[in-house]
Structure formats: structure tokens, C-alpha cells
Amino acid sequence: MEVRSDSSQARSDKLPPPSAAAPKPRVQVWFVTVCSTILIWTCLVQLFAAGELWHTRIFFAGQVSRFSAPVEPVPLPPPLPPPRNYTSNGVLLVSCNGGLNQMRSAICDMVTVARLLNLTLVVPELDKTSFWADPSGFEDIFDVRHFIDSLRDEVRIFRRLPKRYSSKYGYQMFEMPPVSWSDENYYLKQVLPLFSKHKVVHFNRTDTRLANNGLSLPLQRLRCRVNFQGLKFTPQLEALGSKLVRILQQRGPFVALHLRYEMDMLAFSGCTHGCSEEEAEELKKMRYTYPWWREKEINSEERRAQGLCPLTPEEVALVLKALGFDQNTQIYIAAGEIYGSEHRLSVLRKAFPRIVKKEMLLESGELQQFQNHSSQMAALDFMVSVASNTFIPTYDGNMAKVVEGHRRYLGFKKTILLDRKRLVELLDLHNNKTLTWDQFAVAVKEAHERRTGAPTHRRVISDKPKEEDYFYANPQECLCEGTNCHDLYGHRNSSLTRLK
């Protein structure tokens, strides 16, 4: 009995006292509860996230979740076209000159030339030495990856010149400016043979080096494809341009006014109407400063009478009112710094109080990265102008023409092409009291009834290509196909309008 008692006592000594054993089950229960809670919430979060992604119907407490609302799926990017397989005849290096839209047109032309001659194109260099002194490269303005990939079924494009052709390695490159307004024969017979002697040819000027007319239909349509599809702005520019458009559209319909009353344009054209003597002298000195502005002595009033000057802000105010725009019209000024700053805009702003500029619509920080980059700022104005309800350029420069062509491509959106020669006559008659306001307004409207960007054929002047209609302002070959062209242009316009 004593032994049994000792054994029982020994076992009893090994067991923990009752007071020490009690907390362990409570800790385990607490731990399981916390883990279960975390697991349940994790599952709920995952379930809601899945509902957001897949738009499934989640029933909770007998009701459908907000995540079940139908949402359009984000479309996948289109597949890349297969690369064109061809033997390259050489490498084409091009240096574009001019402002953004002159360079844009040149890029389209150079891709087309590379396709015609079976060349490999290097991503074009942009002008950094002209009046604007913009250091932006191609990749700062355009989506270079998209440019290369989207056109690879037509032309092989290198991002940069291969090192073996660099001057650093002693390679002597052949440079030339192609002849302006040249057709296919010029490039095939005079330019192509150069590549058998020089593996790389550098075009050091690219403005208007390809004819407006007389090219084969596939080449004309390739120019359009590069312009409308191949050249996309960078995501940063696209995002900010879209924001500008969204802000304007939320405020109602708007007019994009390309008010080309800027210092460089006035100095280049020699137009000083409405300027003080000091301002006229300043513009003249600027014209003499830049050697590539060949024409130095210019009669401003003669130019204006010929319709070769941009309208002044004061003239624009009268013309817009005569065309029927009232003071509630929202007007976006698509331009750089207006010569004379705000005091030259006072009359226009008084007539149309809802005038805005990008600097008024965006935070200063949003524009900061684009400041001192005129081509990038011009890209923002370009996007707004293309999207506007009505586009009105006060001068037919490169931006006006390229935007006009884009708006035709997008369904012939309204573009009022001002007849400056006629307007100058009417403005002078009204200002000297020969025409009453009502007579002036009627005459202005009549002069522009058929100048609204409607379908029309390009005017062709065979021996004066500078005076004929610009291809990129009216790329008619890309605006219709087959029988649709007959319906669009009508029987009387079934062929190009030719002037001898």
C-alpha cells in the first residue's frame, strides 16, 4: 500500500498544478480566433478584388454588390504587323528643319521616300538650332517605340545610326538637301544611285521635299498612315493634352483660335500693321539677325493687302463677331506668346470674355516640364485644336494646314479658313465708315460660306507647287475609297482641280 501510494504521489508530482494548466487553452483559443479573423478578412478582400476585376455578381445580405455593374473591358492593343522582308539599299539619315508641324510633315515624307527606295530609315533628328532653339529630340515628343513598330511592315527603322557609320569611327557621310517638291522619278533616278556609292546618305533639309501630287496612291496613303497612325505623342503629352480637352469640353463647346500673332511670324512675314514704330523696328532687327530669313526689306501694307499677313487680335475680334460668334463663346488661344502680350489681347478679350489659354487651365507644375520646349507646347495646342468644335487659324502656316488635314480625316470637322485678302478689304471699308456693321457682317459671312473644311479636291498648279493646295491640309486620297469618293466629292469634282 505504501508503494502504491508512493507511485501515485510520484505521478502526482509530475503533473502541473491546476492553477498553471488553465491559461494554455485560453491562449490557444485566442490564437485560433485571431488567425481565423485574419483569414476571413483576407478572403473577403480577395473576393471583393476579384469582383472588381471580373465584374462578377457578389451577393451579400441578399443584395447585389456594387462591383457587379457592367464595365467595358479594356481592349487589348492591336497585334503588331509582321515586319516587311526586303533587302535594304542603304541607310537614310534625315535632319528635320522648322517647327513641330513642318517637321511632322517631313517625317511622313521621309518614311515614304525610304519605302519607295527600299532603304533603312534612322529615327529622324529634330531641329535644335532654329529660332525656337528647342532641345527636344524625337523621343521627347513622339512615341518612338510605337513609330518603329507600327510601320515595320513598310520600312525598317533604326532607333539610331549604327556605330560603324559614325563620324567617330572615321566614316565620311554623304550629305545633301533633296530638291523641293520632287516626284518619284527624281528619287528613283537621282537619289537611289547615290546609295550604291555611299551606304549612308544624310538629308540635311527635309521641308517640302516631296510633291503634293503625282505620286502613286500607295505612297500617298503611306504618308497618311504615318501622319494619322504612326506619329503618336508621348504618353506624358497625350495625358496632358487629353486633360486640357476634357476641361474645355466640361465647360461647353469651344473654338480653337490659332492666333499666329507671334514675334517670329511678324518678323518673318514683315507684317507690322497695328504695331508702333518701336515695335516695327524691333521686328525688322530680328529679321536681319537670322540669315535664313532671306527677304529683309518688306513692305508691310503691300503684304497685308495681298492677304499674306496674320490678322491682328483687333481684326480677329471684328471677324469673329461678324461670323456670328457671341460673347459667350469659349475660345482657346492655340499659340505661343502673343506679341505685345496682354495689352494686344485687350480688345479681343473684351469682345469674348471666355478666352482661355493652357496656362490658365493647368497648374504651373503640370506645364513646368514642357516650358522652354516650344515643340512640346505646340503639341498640346495641336491636340486641343484637333479636338475643338471649330478651328479658326488666322494665318495659313504649317500648324494650320496640318490641323486642317487631321480634322478632315476625322470626318470633316468644322474649320473656318479665313480669306485674309478679302477680309482686309472689308475691314478697311468698315473702319473708314464705307460699310456699316450689318453690311460688313453680311459680306464676311458670304465670303466664308464655302470655307468650312467641307470635302473638296486639292487645287493643283503644275508649275507652281508652292501656290497649290498642300497635301497635308487635304489628303483626299485617304478620306474615301471607291464609290464613296463619288458620293463625297460629287460628279463635278471627280478628278483633281487643275489650274494651268
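Further up the page is the structure itself.
Quick look at the structure, then. One numbering rule holds for all chains: residues counted from 1, following each sequence as written. Residue-level local features of this predicted model are given only where pLDDT is at least 70; pairs of side-chain atoms are given and counted only at 80 or more, and the full residue set underlies all totals for whole chains, interfaces and linings. Based on all heavy atoms of the structure, the side-chain values leave hydrogens and waters out of the count.

**Things to note about the pairing of strand β8 (residues 254-258)**
Think of it in three bands: residues with accessible area under 20% of the maximum for their type are buried, residues over 50% are exposed, and the middle band is partly exposed, with areas taken using a 1.4 Å probe on protein chains only. Under the scheme used here, helices are H or I runs from DSSP no shorter than 4 residues and strands are E runs no shorter than 2 residues, and both carry numbers assigned from the N terminus. Judged by how many residues are buried, β8 sits mostly within the fold: five of five residues are covered. Burial along β8 is two-sided: the face carrying Phe254, Ala256 and His258 and the face carrying Val255 and Leu257 are both buried. Two strands pair if DSSP finds at least two bridges between them. Across four bridges, the pairing between β8 and strand β9 (residues 330-333) is parallel. Directly across from valine 255, in β9, lies its bridge partner isoleucine 331. The pairing of β8 with strand β11 (residues 390-393) spans four bridges and is parallel. Residue histidine 258 lies in a different strand from β11, and its bridge partner there is proline 393.

**Quick look at the state of the cysteines**
Only a pair of cysteine sulfur atoms within 2.5 Å counts as a disulfide in this structure description. Summed over all chains, the structure comprises two disulfides. Through a disulfide, cysteine 271 is tied to cysteine 309; the S-S separation comes to 1.9 Å. For the disulfide bridge between cysteine 271 and cysteine 309, the dihedral angle about the S-S bond is near -85 degrees, and by the sign convention the bridge is left-handed. Of this pair, cysteine 271 sits in the loop between α11 (263-269) and α12 (277-289) while cysteine 309 sits in the loop between α13 (300-305) and α14 (313-322), and the two are 38 residues apart along the sequence. The burial state of cysteine 271 is the same as that of cysteine 309; both residues are buried. Unpaired in terms of disulfides, cysteine 96 finds its nearest cysteine sulfur in cysteine 108, a separation of 9.8 Å. There is no disulfide at cysteine 108, and the cysteine sulfur nearest it, in cysteine 224, is 8.5 Å away. In this structure cysteine 108 comes out as buried when scored by relative accessible area, which is 0%.

**Quick word on the pattern of salt bridges**
By definition here, a salt bridge exists when the distance from a side-chain nitrogen of Lys or Arg to a carboxyl oxygen of Asp or Glu is within 4 Å. Taken as a whole and judged by the stated rule, the model has 22 salt bridges. We note a salt bridge from aspartate 264 to arginine 260, for which the minimum N-O separation is 3.1 Å. Of the two residues, aspartate 264 and arginine 260, neither departs from the other in class, the shared state being buried. Linking aspartate 469 and arginine 459 is a salt bridge whose minimum nitrogen-to-oxygen distance equals 3.9 Å. Here aspartate 469 is found in the loop between β12 (459-461) and α22 (483-489), whereas its partner arginine 459 is found in strand β12, with ten residues between them in sequence. The partly exposed category is assigned to aspartate 469, whose relative accessible area is 28%.

**Thoughts on the packing of aromatic side chains**
For any pair of aromatic rings, geometry is given as the distance between the ring centres together with the angle between the planes. Ring pairs are drawn from Phe, Tyr and Trp, using the six-membered ring of Trp, whenever the two centres fall within 6.5 Å, and their geometry is named by plane angle: stacked under 30 degrees, edge-to-face over 60, tilted for the rest. In the structure shown here, the tally under the stated rule is ten aromatic pairs. Centroid distance phenylalanine 471 to tyrosine 472: 5.0 Å. Interplanar angle 90 degrees. Geometry classified as edge-to-face. We classify tyrosine 472 as buried; its relative accessible area is 2%. The rings of Phe138, Phe142, Phe147, Phe233 and Phe382 are connected pair by pair, giving a single aromatic cluster. If you follow arginine 156 out to its NZ or CZ, it ends over the ring of tyrosine 86, 4.5 Å from the centre. Both a distance and an angle decide whether a charge sits over a ring: NZ of Lys or CZ of Arg must be within 6 Å of the ring centre and within 35 degrees of the ring normal. When the ring centre of phenylalanine 471 is taken as reference, the NZ or CZ atom of arginine 223 above it lies at 4.3 Å.

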